[in-house]
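# Topology and contacts: notes
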Amino acid sequence: MPATVFKQESPVEIGRARRGLQKKFVASLLIVGFAPGIVALFATYLYSTQTLKNAIGDSFQQIASATARRIEVMIDDEIDGARHLGAAPLVVRGSVEAANMAYHGGDSRARERLLQDQNRQWEEFRKGRSSTMPAFINLDALAYVQGWANIRRETYENILVTDERGTLVASLYPTVEFLHGSAVWWNEAFGQGLGHTYVSDLYEQAPGIYLLDVAVPVLNDEGTQAIGVVKLVLRRDNLMKAIMEIRVGEHGHGMLLNTEGTPLICPVLPPKAHLINDALMQQLMQPKPGWVIAEDDAHGGHNSIVGYAPIRFTHRLSRSSLGGTQWYAFVRQDPSETYAPVYTLLREVGMIGFGMVTVLASLGFYVGRLIVKPIVLLHEQADAIRRDVSDLASAGRFDRGLRGTTDRRVAIRTGDELESLASAFNQMAETLEESFKKIHDQEGELLRKEKLASVGQLLAALAHDIKNPLGVVRSSAQLIMDEHQPDSVKREVAQYVIDEVDRLTNRINHFLRFARQKPPELRAVWAKVLLDASLQEWRALGKGEPIRVVIEVCPDVPALLVDPDQVKEAFVNLLVNAREAMPDGGTLRLSAQLAEHVRGPAMVELRVADSGIGMNVEHLKHVYDPFFTTKEYGTGLGLTNAKRLVENNGGQMMIQSTEGQGTEVVLRFLTAVRAGTEKEEACLNQRS
């Protein structure tokens, strides 16, 4: 056998190989280099964010504290003013003492009648039915109150002075009632003669008009007992100024609210139009100023920074003051404005991180390519050797695979372990090449021995099959030569001799086909043409059994690269076996399609399926063994010869059978075109 010539292939295209190692290298570089950086950036971001929140929260706390102090001072000033008014000895206190003298001595019923009469006169005057001021109104006290109120006319809605029975002594405006003994403010301020300071909650007198009452007792000369009450009815405007002056950004503002969560003063919404939720109020109700992060700030903001400060007055207030609650100054800002510096910081940190990722990824890709490139080259060359060995291992394809093997060498000069690996790889390739040459040299001897063994087995089987028919032929010839035998017997014996000779001739032809080792002459042939030719020859050999033939050929299946005569011979043998498996008729199904889920080159799949008697598991194990048959008249070489012809043409043969259900034979052959063409894809799409 001639020596095999090894040729040098063109350089391998590295880009086709997988780059998993390079990706891992880049990922490792990013993890090692970027992870500490991102952790540091994240820590910096958290620290900076917390620092910024602390700064903003402290600022809001200071604003809330300053607002609370202003409100405290304003209310305390009004309380002091009311006390000074009630302490005017010659006018206010004197008028109250004079009014109280009317209750001392005399008949109580007469005093009640007097009060009822005075109340009637005041109602006539208040409702405009009388233009004369009632005489029991102290004009000196009224003039004093009017002069005192003129100093800050815009502050007061009204000023009242009452005696110890809650009866009106003087009023800045005649719009109030005469009797106030049942009013909360009077009872809280008079305190059964003990005297207390009372400040009401904000209340709405008319739509859009909110007032605040400050009531203090008028004390006697010793200052030990209350003898009357002075009430200042304040407009909310002064308190509104203290709140409205709070501006934080474009939408940040302050509020005055009580412990029930009711905003008393809000520049955005009317009082009591919205409530502060209980969770936030629990955070705000603290004895000292502070700031918190509000999940819901009652203005549509979430995770807002709010500052708060409790309002504590210098004067001790009565228990019912401020509606029985406590006031708090509250400062909030829209979260988008509050966190704008945080978002800016986040963007900057993100840009820095993105820049780091880009730089590290580029560096890792470049360095990884330098490291991975030799490994990729080694991988491709090793995979090429694997394919060569796989071709060599395919039955009947040793010569073709050997001619396709190449001298695989890699030249790597890195001065490290990769260069040592390349050197070891080259030595392995050289050793493998020498082994291939030895195998090639020994192939001829192995084939010769295999042929001798097959010939010996063939001759033994042939001698066994010829011996008995020859004895019968000899006996028949003797009968023909006997002159005493009638002509009818001689004709019957002569026909028997002819049948035996035909049977011997058929068996000798099977042996000759098995013994011949003619190499295939490969050329392109369409599957439909091959199937039609095989069916035509099969029908010529048939006996007219009722067999239904179904042909399914994909219209775009590519051509086969085979020897059509050899493949047709194998196919006819399979068709004959299918006919013999259906003695009572049945269905014979032939199909041609592009093989799916097959690694390597594209292949066409031919199938022969019958609905015959099938085979059991034990028979399936020996169907390819020479001279194995379950038929009384068979040679046992049909499937053996068919398999040899298929594999000589670079194909594969597989048999699937179920006893009592039928048999299916699958043949696969290489296509005459490259895999991945539009026709093959159209065929696969049509099948799916």
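### Structural notes on the pattern of salt bridges
In this structure the tally under the stated criterion is 17 salt bridges. In this structure, the salt-bridge partner of R126 is E123, at a minimum N-O distance of 2.8 Å. Of this pair, R126 and E123 both sit in helix α3 (residues 108-126), 3 residues apart, which is roughly one turn of the helix. For E123, a relative accessible area of 15% puts it in the buried group. Between E123 and K127 there is a salt bridge; the shortest N-O distance is 3.9 Å. Classification of K127 by relative accessible area gives exposed; the value is 51%. One continuous salt-bridge network, built from bridges that share partners, spans E605, R607, E664 and R668.

### Let's talk about a nonpolar patch on the surface
A cluster of nonpolar side chains, Y366, L370 and I371, forms an exposed patch at the surface whose accessible area comes to about 310 Å². By the secondary structure assignment, I371 is in helix α9 (residues 340-393). Note on I371: relative accessible area 36%, which makes it partly exposed.

### Overview of the environment of A102
Its location among the elements puts A102 in the loop between α2 (92-101) and α3. For the pair A102 and L114, spaced 12 residues apart in the sequence, the C-alpha separation amounts to 9.4 Å.

### So, the sheet that holds strand β19 (residues 662-670)
Here 5 strands make up an open sheet; going across it, the order is β14-β16-β17-β19-β18 and the pairing mixed. In this open sheet, the two edge strands, each paired with only one partner strand, are β14 (547-553) and β18 (652-658). Averaged over all pairs of adjacent strands, the angle between strand axes in this sheet comes to 10°, irrespective of strand direction. Here strand β17 (residues 603-610) pairs with β19 via 8 bridges, running antiparallel. Residue pairing in the sheet places D610 in a bridge with T663 of β19.

### Brief notes about the confidence of the model for the protein
Residue-level pLDDT values for the protein average 77, and 79% of them are 70 or greater. Highest mean pLDDT in the protein belongs to strand β3 (residues 198-199) (94); lowest belongs to helix α17 (residues 678-687) (43). Within the model, pLDDT remains below 50 along residues 394-406, and this stretch shows 30 contacts once partners closer than five positions in the same chain are excluded. Note on residues 675-688: pLDDT under 50 across the span, and 21 contacts to partners over four residues away in sequence or across chains.

### Some thoughts on the pairing of strand β8 (residues 252-258)
As a general feature of sheets, a regular strand has side chains that alternate between the two faces. When you tally the buried positions in β8, you get 7 out of 7 residues, the bulk of the element. The two faces of β8 match: G252, G254, L256 and N258 on one face and H253, M255 and L257 on the other face are all buried. One ladder, built from 2 bridges, connects strand β7 (residues 247-248) with β8; its direction is antiparallel. Residue pairing across strands places R247 opposite H253, the latter belonging to β8. Where β7 hands over to β8, the hairpin turn is made up of 3 residues, of which G249 adopts a positive phi near 70°. Alignment of β8 against strand β12 (residues 327-332), held across 6 bridges, turns out to be antiparallel. By the bridge assignment, G254 is partnered in β12 with V331. When β8 meets strand β9 (residues 263-265), the two strands line up antiparallel, connected through 2 bridges. The partner of L256 across the bridge, within β9, is I265. Joining the antiparallel neighbours β8 and β9 is a turn of 4 residues, in which G261 adopts a positive phi near 85°.

### Considering helix α14 (residues 564-580)
For α14, with 17 residues, the first-to-last C-alpha span of 24 Å sits near the 24 Å given by 1.5 Å per residue. Regarding α14, the residues found buried are P564, Q566, V567, A570, F571, V572, N573, L574, L575, A578 and R579. Backbone nitrogen of D565 and a side-chain oxygen of the N-cap are separated by 3.1 Å at the start of α14; the cap is D563.

### Points about helix α4 (residues 139-150)
For α4, spanning 12 residues, the distance from its first C-alpha to its last is 16 Å, which sits close to the expected 16 Å at 1.5 Å a residue. Taken together, the buried positions of α4 are A141, L142, V145, W148 and A149. Burial along α4 is one-sided: seen end-on, the buried residues are contained in an arc of 130°. With respect to the buried face of α4, the exposed residues turned more than 90 degrees away are L139 and D140.

### With respect to the pairing of strand β4 (residues 203-206)
Alignment of β4 against strand β5 (residues 209-219), held across 3 bridges, turns out to be antiparallel. Across the sheet, Y203 pairs through a bridge with L211, a residue of β5. The turn joining β4 and β5, which pair antiparallel and follow one another in sequence, is formed by 2 residues; a positive phi near 85° is taken by G208.

### Focus: the nonpolar core
Of all hydrophobic cores here, the largest spans 55 residues; its most connected members are I71, I159, L232 and W327. If one sorts the elements of this core by residue count, helix α1 (residues 20-86) sits on top with 10 residues. By size, the runner-up hydrophobic cluster in this structure holds 34 residues, among which are I547, L560, V567 and M582.

### Quick look at the packing of helix α13 (residues 527-540) against α14
At a closest axis distance of 9 Å, the pairing of α13 and α14 adopts a crossing angle of 50°. Relative to α14, the element α13 is oriented oblique. The two elements α13 and α14 meet at a crossing, and its hand is right-handed. Residues L530, L531, A533, S534, L535, E537, W538 and R539 of α13 touch α14, and the partners they reach there are P564, V567, K568, F571, V572, L575, V576 and R579. Per-class residue counts for the contact of α13 with α14 are 11 nonpolar, 1 polar and 4 charged.

### Concerning unusual backbone geometry
Glycine aside, residues mostly have negative phi, and peptide bonds are mostly found in the trans state. In this structure, Q192 takes a positive phi of about 55° despite not being glycine. With respect to the secondary-structure elements, Q192 resides in the loop between α5 (184-190) and β3. Positioned with a positive phi, N303 is a non-glycine residue whose angle comes to about 55°. Mapped onto the elements of the fold, N303 is located in the loop between β10 (290-294) and β11 (304-310).

About the thresholds
Residues numbered from 1 in each chain as written. Predicted model: local features only at pLDDT ≥ 70, side-chain atom pairs only at ≥ 80, totals over all residues. Heavy atoms only, no water. Salt bridge = Lys/Arg side-chain N within 4 Å of Asp/Glu carboxyl O. Helix = DSSP H or I, 4+ residues; strand = E, 2+ residues; numbered from the N terminus. Buried < 20%, exposed > 50% of the residue type's maximum accessible area, 1.4 Å probe, protein only. Patch = residues over 30% accessible without salt bridge, like charges linked within 9 Å, V, L, I, M, F, W, Y side chains within 5 Å. Areas by Shrake-Rupley, 256 points an atom, 1.4 Å probe, with all protein chains shown as cover. Pairing = 2+ DSSP bridges. Axes fitted to C-alpha atoms, helices over the stretch in contact; angles between N-to-C directions. pLDDT = per-residue confidence, 0-100. Contact = heavy atoms within 4.5 Å. Expected span 1.5 Å × (residues − 1). Polar contact = N/O pair within 3.5 Å; in protein donor to acceptor, adjacent residues only side chain to side chain. Arc of directions from axis to C-beta. Core = buried A, V, L, I, M, F, W, Y, C linked by side-chain atoms within 4.5 Å. Parallel < 35°, antiparallel > 145°, perpendicular 65-115°, else oblique. Left-handed = near helix turned anticlockwise from the far one by under 90°. Nonpolar A, V, L, I, M, F, W, Y, C, P; charged D, E, K, R; others polar.

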